[in-house]
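# Observations on the three-dimensional arrangement
Now for the letters of each chain:
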Amino acid sequence: MEVSSEELKLWASLVYEYTGIVIPAEKTYLISNRLGDLVKEMGVSSFKELYFKVRYAEDPGLREQVINRICTQETSFFRDRQVYEALRHIIVEEIVPARRAEAGPGRPPILNIWSAACSHGQEPYSIAMILAETVPDIDDWHLKILATDIADNAFRKASLGRYTQLEVRRGLDQYYLNKYFVPSGEDSWQVSDRIRAMISFRKINLVQDSFGPLGVYDLIFCRNVAIYFDLATKTHLMGKLEKALSPRGYLFVGATESASQILPAFQAIHRHNTIYYARTGGQRPA
């Protein structure tokens, strides 16, 4: 079923309103490919009729179906290896000594990490495995890893921590598979209870929701998200992330994204074969 120019305008406006994602004219296929089956399932005759059903039917479930299908949920374990190598260095060289010193004798160190737009959960689980590998007593820390996504189906799958053989083959070394996963059926693997216990999952709309209740984070991962937004939405998002980031914290974005170009409140740090960002004026170790 083809999408007319009128239908594209309607859907592009609705998707932008719900998610902040921009659908340009050359990406009409996003509507036809991802919503075509929903047209059939809802028993409507066109994308336009489906649009009006979503817009005016006041059915939250239908709206969630649209968001689930439109949002890109492509990810893998340890995606962009240099990011995780940088994370390993930051944990060992900065976070562990600083947090131990702050905590003092007999008190647990505190560490807060946020994986925004976590999709199916490979990113937060990868972060948790790095922590388990680099901080021997991480189970005794006051650790918070928050993983969020706008799509219901994404964060629900993520919270289960169950992956097919194909999914674990994408980016996951055999060492990590053997140590932090257990077989679950003939063709799937379950993340170990220890790693799952490190992470909490929540539904968050990065464009619409307030980050205030989420707290302040030492590390924020918001990778390959802003590329789908226009400049106004990118600036709005980066402003909210800046407020959610500790003065001494770091922000990781996608390889093709630049937080400092969008918002001068961030400064780029070129280290450990990658680029990440700190708040301008934030206190960093020498």
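Attention here is on the structure that accompanies the text. Counting of residues starts from 1 at the beginning of each chain's written sequence and follows it residue by residue. Since the coordinates come from a predicted model, pLDDT governs what is reported: local features require at least 70, and pairs of side-chain atoms require 80 or more to be given and counted, while whole-chain, interface and lining totals use all residues. The side-chain figures draw on all heavy atoms in the structure; neither hydrogens nor water molecules are used.

### With respect to the overall build of the protein chain
A tally of helices and strands in the protein chain yields 12 helices and 10 strands. Counting only C-alpha atoms, the protein chain reaches 65 × 50 × 30 Å along its principal axes. Buried residues in the protein chain amount to 52% of all 286 residues. Long-range pairs, those at least 24 residues apart, make up 73% of the contacts in the protein chain between residues at least 6 apart in sequence. Under the scheme used here, helices are H or I runs from DSSP no shorter than 4 residues and strands are E runs no shorter than 2 residues, and both carry numbers assigned from the N terminus. Three exposure classes are used, based on accessible area relative to the maximum for each residue type with a 1.4 Å probe and protein chains only: buried under 20%, partly exposed in between, and exposed over 50%. Contacts were defined at the residue level, with two residues in contact if any of their heavy atoms lie within 4.5 Å.

### What to know about the side chain of Thr134
Among the structural elements, Thr134 can be located in helix α6 (residues 122-134). Within the structure, the side chain of Thr134 is placed 2.8 Å from the backbone oxygen of Ile130, a separation counted as a polar contact. When sequence neighbours within four positions are dropped, the list of residues in contact with Thr134 reads Arg88, Ile91 and Val92. Nitrogen and oxygen atoms within 3.5 Å of one another constitute a polar contact, given that in protein one can donate a hydrogen and the other can accept it, and given that sequence-neighbouring residues count only through two side-chain atoms.

### Section: the pattern of salt bridges
A side chain of one charge can pair with a side chain of the opposite charge if their charged atoms are brought near each other. Any Lys or Arg side-chain nitrogen located within 4 Å of an Asp or Glu carboxyl oxygen qualifies as a salt bridge. Scanning the entire structure with this criterion turns up 18 salt bridges. The closest approach of N and O atoms between Arg99 and Glu102, which form a salt bridge, is 3.8 Å. A residue pair is termed a helical-turn pair when its members lie 3 or 4 positions apart in one helix, as Arg99 and Glu102 do in helix α5 (residues 81-103) at 3 residues. Judged by relative accessible area, which is 7%, Arg99 ranks as buried. Glu102 sits in the partly exposed class, given a relative accessible area of 45%. Several salt bridges share partner residues, and in doing so they unite Arg99, Glu102, Asp218 and Arg248 into one network.

### Regarding the state of the cysteines
In this description, the term disulfide denotes a pair of cysteine sulfurs within 2.5 Å. As enumerated under the stated definition, the model contains 0 disulfides in all. Considering cysteine sulfurs only, Cys222 is the nearest to Cys118, which forms no disulfide, with 11 Å between them.

### Focus: the packing of aromatic side chains
Side-chain rings of Phe, Tyr and Trp (the six-membered ring for Trp) are treated as a pair once their centres are within 6.5 Å; stacked means planes under 30 degrees apart, edge-to-face means over 60, and tilted covers the remaining angles. Under the criterion given, the structure shown has 16 aromatic pairs. Between Phe52 and Tyr56, the ring centres sit 6.0 Å apart and the planes meet at 15 degrees, which makes this aromatic pair stacked. Here Tyr56 and Phe52 lie together in helix α3 (residues 47-56), a separation of 4 residues that amounts to about one turn. Judged by relative accessible area, Phe52 falls into the partly exposed class, the value being 36%. The exposed category is assigned to Tyr56, whose relative accessible area is 55%. In textbook terms, an aromatic cluster arises when at least three aromatic residues are bridged by ring pairs, as seen for Phe77, Tyr125, Tyr163, Phe181 and Phe201. Whether a charge sits over a ring depends on NZ of Lys or CZ of Arg being within 6 Å of the ring centre and within 35 degrees of the ring normal. In this structure, Arg63 is placed above the aromatic ring of Tyr18, and the distance from its NZ or CZ to the ring centre is 4.2 Å. Over the face of the ring belonging to Phe211 we find Lys240, whose NZ or CZ atom lies 4.4 Å from the ring centre.

### Here's the deal with the packing of helix α1 (residues 5-19) against helix α4 (residues 60-70)
The axes used here are C-alpha line fits, helices contributing only the stretch in contact, and every angle between their N-to-C directions lies in the interval 0 to 180 degrees. In contact at an axis separation of 11 Å, α1 and α4 are set at 95 degrees when each is read in the N-to-C sense. Regarding the angle of α1 to α4, the classification is roughly perpendicular. Across from Trp11, Val15, Tyr18 and Thr19 in α1, the residues of α4 making contact are Arg63, Val66, Ile67 and Ile70. Residue classes in the contact of α1 with α4 are distributed as 6 nonpolar, 1 polar and 1 charged. Throughout, the term roughly parallel applies to angles under 35 degrees, roughly antiparallel to angles over 145, roughly perpendicular to angles from 65 to 115, and oblique to all others. Residue polarity is assigned by list, with Asp, Glu, Lys and Arg as charged and Ala, Val, Leu, Ile, Met, Phe, Trp, Tyr, Cys and Pro as nonpolar; anything else, Gly included, falls into the polar class.

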